[in-house]
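Observations on chain architecture
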Amino acid sequence: MSENDKPVSELGYEEARDELVGVVKILEQGGLDLDASLALWERGEQLATRCEEQLAGARKRIETALASTEKDS
């Protein structure tokens, strides 16, 4: 996965989600040694956290926009 070279903090939601899907597929296939599996799992955890952060940010923006719209009404 070439995305592994990019820090998780620099990934957008779609990039992080797509890479996370790839990580899950690789882990489900098995066959990796313990160190490689753990490293991949850790990357997956970071990616999941990044996705959650991105979604929380989007949710906050929507809530702010809705509150602003209601205030203007």
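Small disclaimer: the values here were computed from a predicted structure and weren't measured.

Some points on the overall build of the chain
Tallying secondary structure elements over the chain gives 2 helices and 0 strands in all. What you see for the chain is a C-alpha radius of gyration of 17 Å, clearly larger than the 11 Å of a compact globule of 73 residues, by over 25%. By its C-alpha atoms, the chain is 60 × 20 × 15 Å across when sized along the principal axes. Look at the contacts in the chain between residues 6 or more apart in sequence, and 63% of them connect residues 24 or more apart. By element, 52% of the accessible surface of the chain is carried by carbon and sulfur atoms, the whole surface being about 5,500 Å². Between the centroid of the 9 positive side chains of the chain and the centroid of its 17 negative side chains there is a distance of 8 Å.

Here's the deal with the packing of helix α1 (residues 13-29) against helix α2 (residues 34-72)
Two packed helices can be described by the angle between their axes and the distance between those axes. Close contact between α1 and α2 brings their axes to 9 Å; oriented N to C, the two are set at 150 degrees. By the angle between their axes, α1 is roughly antiparallel relative to α2. Note that α1 runs across α2; the crossing there is left-handed. Of the residues in α2, those in contact with Tyr13, Ala16, Arg17, Glu19, Leu20, Val23, Ile26 and Leu27 of α1 are Ser37, Leu40, Trp41, Arg43, Gly44, Leu47, Ala48, Arg50, Cys51, Gln54 and Leu55.

Some thoughts on the nonpolar core
Counting residues in each nonpolar core, the largest one holds 7 residues, listed as Val8, Leu11, Ala16, Val23, Leu40, Leu47 and Cys51. Only α1 and α2 provide two or more residues apiece to this core. Broken down by element, this core gets its largest block of residues, 3 residues, from α2.

Digging into α1
Between its first and last C-alpha atoms α1 spans 24 Å; for 17 residues at 1.5 Å apiece the expected length is 24 Å, and the two agree. Along its buried surface, α1 packs onto α2. With its phi angle positive at about 75 degrees, Gly30 sits one or two positions after the end of α1.

Considerations on the side chain of Arg50
Examined against the element boundaries, Arg50 turns out to sit in helix α2. Within polar-contact distance, the side chain of Arg50 engages the backbone oxygen of Leu11 at 2.9 Å. Once residues lying within four places of it in the same chain are set aside, the contact partners of Arg50 are Val8, Ser9, Leu11 and Ala16.

About the cut-offs
Residues numbered from 1 in each chain as written. Predicted model: local features only at pLDDT ≥ 70, side-chain atom pairs only at ≥ 80, totals over all residues. Heavy atoms only, no water. Helix = DSSP H or I, 4+ residues; strand = E, 2+ residues; numbered from the N terminus. Rg over C-alpha atoms; globule rule 2.2 N^0.38 Å. Contact = heavy atoms within 4.5 Å. Areas by Shrake-Rupley, 256 points an atom, 1.4 Å probe, with all protein chains shown as cover. Lys, Arg positive; Asp, Glu negative; His and termini not counted. Charge placed at Lys NZ, Arg CZ, Asp CG, Glu CD. Axes fitted to C-alpha atoms, helices over the stretch in contact; angles between N-to-C directions. Parallel < 35°, antiparallel > 145°, perpendicular 65-115°, else oblique. Left-handed = near helix turned anticlockwise from the far one by under 90°. Core = buried A, V, L, I, M, F, W, Y, C linked by side-chain atoms within 4.5 Å. Buried < 20%, exposed > 50% of the residue type's maximum accessible area, 1.4 Å probe, protein only. Expected span 1.5 Å × (residues − 1). Polar contact = N/O pair within 3.5 Å; in protein donor to acceptor, adjacent residues only side chain to side chain.

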